[in-house]
Amino acid sequence: MSPKSRTRKPKSAGRNKARRTGPPGNPIAEVYRSVVQSFTVEADHTSSLHSELLASNLYSVMHETTNLGPGIDEQLFGEWARFVERQRDRPAAAMLWALAQVADPPANSQAAAAAQRLTDLGVPEPAWLAPLRKLEAAEAWMLTDVFGDSIEFVVEFRTGRRKHGMAITIDTNHLGGYATNIVFDHNARKLRQDRERFAAKHMDPLMRFEPASLAEVRARGIAAIEATDVTEDPDVGPEYEEHRALALSRLLTLPGGDVVDLAEHRIPGPAEELARFEEDQGETEKLVGDFLASLEHDPAEPDSGLDAKFARLAELAIDYGRNYDDGRLLRVSPPKISTFAGWFLPHKVGLDDAEQAALAPFLSAWISWCGRRQGLPWMAVEMVQESAAATLDAVSLLEDDEEDDLPSPGMAFLEGVDMDSIEDAQAVMERRQFAMPYFGTWIGQEDYPRLNPNSAAELRLLVLGELKELHGVGKQEYPRSGEPDGSPVWNAALRELVISQLWHDEPPQVWEAAQRLLALGLEREDILDRLQEALSGHVDARELGPLPDGGISAVHLPGYVASLATLGASGGKGGHLRPV
């Protein structure tokens, strides 16, 4: 506290306090006053870019990102649009026209309607609006690395006689590609030349810069922004949020958005799932055979079962590529190998001692073989080899540093269960290993190396980490009233409930149904999907939340048990994911 504040207050203090007893200021009016001058200056310019960037930044304050993707505080935006319209002057019209360009539906239509009403009243449109109505994309390029870890698209746009550029960076190691950075520049040529020179001068032969189709930029760019929207705490650039709305608006203007591939939205039937599983299995067997055939054995050294260990590790590497790398089975890169060896194997699999001993020579052989098939230059292969070695060293140090008194993860399978015989223990282990076979996971940038499924909160983390489509769901986020079926938050709640019921064996009919499906040859992932489907029609979403003892209170048991009784009652197989 300053010396002045310790003494008697000046006589004016009482009057100032009385003067502030009226209603609080309007926050919308305060924000409007802080930005209106910028829109006033830009209204006379024929280039729309700065005004649209201002609007995109303003919209980002009202925009909210949820597990379901982009959204808007509709009440706030409606109050904002009505306030701006009441100003009835050219800066207000410019602001509304700019928001109409960048906002998500239906907010964009709301802003455009308000702006048009001002135009009808005689309020002049901003000078940049007429050229913007002629917006067209001219050319596009992409900067890629030889590993396939990232893509950066650069697009040149024209509005009348003016040009500007947009660059969007995509990290392909997460959800098939998520947007991490967005840059706009009035000089499109500079954006292109900077990246072209960088690739040629500093990263040759590891990066290349080449033309791209506008349709590809649209499809991959929109998908990348949507992936970022559903990612919790994404690693994005400092201006990403401010530029997101304008970037999405620009991408939507590109050609290629009129045709919808219905095949991508159709749910495959059991026969198709079985065919896909068999196709995947055959592909894996062929690739493993080709890899083993490429190995050179020392004739003086008898094979001590190394081929069997290499085959098992190769199957795991292929499964990882199929399920975690967007189907890129044989791609190798520093971050992919680091995640495979440093997270997937120790946290999702748990190798035995013999497999662990074979891991280092396997990775060396696997990287070399895949690198040849991928066409990587020797420098790139060396970079991946170095990443693998560094990861194995880090994992080894972490294991050495672990406290000796930490309980074994395997003990969690028997925790809290009364058993009278070894047969009881084996039955509990079988059920719980099926329910949740993992003891660690990774969600976004957060690593959870040691979790106990007996804790409801930790079981929640394991459920979210197991399926990449659930990584964007909040750790304590559950369905609200009106939540649409099939949303990630809804699927996460159902999956958690099913796994919790299996873990606690309550109701026992869940495990009985799972055993019948196992006997039919179905894989764990497909069985969980079918249990979840049986549950979905008999659960009250409003009662879903953190689940003690299986969350039975949210379930209508008679109907649920009846649905469970139909599972596995007839023959048939399904599923395409293989457990690890």
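Structural data are supplied above this passage.
It should be emphasised that the depicted structure is a prediction, and the values quoted were computed from it without experimental measurement.

Focus: the pattern of salt bridges
Link 1 in the chain: Considering all chains together, one arrives at 25 salt bridges under this definition.
Link 2 in the chain: For the salt bridge of Arg244 with Asp104, the shortest nitrogen-to-oxygen distance reads 3.9 Å. Of this pair, Arg244 sits in helix H11 (residues 240–252) while Asp104 sits in the loop between helix H6 (90–102) and helix H7 (107–120), and the two are 140 residues apart along the sequence. The same class applies to Arg244 as to Asp104, namely buried.
Link 3 in the chain: A salt bridge links Glu210 to Arg208; the shortest N-O distance between them is 3.9 Å.
Link 4 in the chain: Overall, the relative accessible area of 29% leaves Glu210 in the partly exposed class.
Link 5 in the chain: For Arg208, a relative accessible area of 42% gives the class partly exposed.
Link 6 in the chain: One salt-bridge network, held together by shared partners, links Asp149, Asp325, Arg328, Arg331 and Lys336.

Quick look at the pairing of strand S5 (residues 162–171)
Link 1 in the chain: Of all ten residues in S5, seven are buried, a share of seventy percent or more.
Link 2 in the chain: In this sheet, S5 lies alongside strand S4 (residues 150–159) in antiparallel orientation, the contact comprising ten bridges. By the bridge assignment, Phe157 is partnered in S5 with His164.
Link 3 in the chain: If you look at the hairpin formed by S4 and S5, you'll find two residues sitting between the two strands, and Gly160 has a positive phi there, around 70 degrees.
Link 4 in the chain: When S5 meets strand S6 (residues 178–185), the two strands line up antiparallel, connected through seven bridges. Following the sheet pairing, Thr169 is matched in S6 by Asn181.
Link 5 in the chain: Counted along the chain from S5 to the antiparallel partner S6, the turn is six residues long, and its residue Leu175 has a positive phi close to 55 degrees.

Cut-offs applied
- For every chain, the first residue of the written sequence is number 1, and numbering continues from 1 onward in sequence order.
- pLDDT decides what is reported in this predicted model: residues at 70 or higher carry local features, side-chain atom pairs at 80 or more are listed and counted, and totals for whole chains, interfaces and linings draw on all residues regardless.
- Note that water and hydrogens are dropped before the side-chain values are worked out from all heavy atoms of the structure.
- Any Lys or Arg side-chain nitrogen located within 4 Å of an Asp or Glu carboxyl oxygen qualifies as a salt bridge.
- Only runs of H or I of at least four residues qualify as helices and only runs of E of at least two qualify as strands under DSSP, and these elements are numbered from the N terminus.
- Residue burial is assigned from relative accessible area. The probe radius is 1.4 Å, only protein chains are included, and a residue is buried under 20% of its type maximum, exposed over 50%, and partly exposed in between.
- Pairing between strands requires that DSSP locate at least two bridges from one strand to the other.

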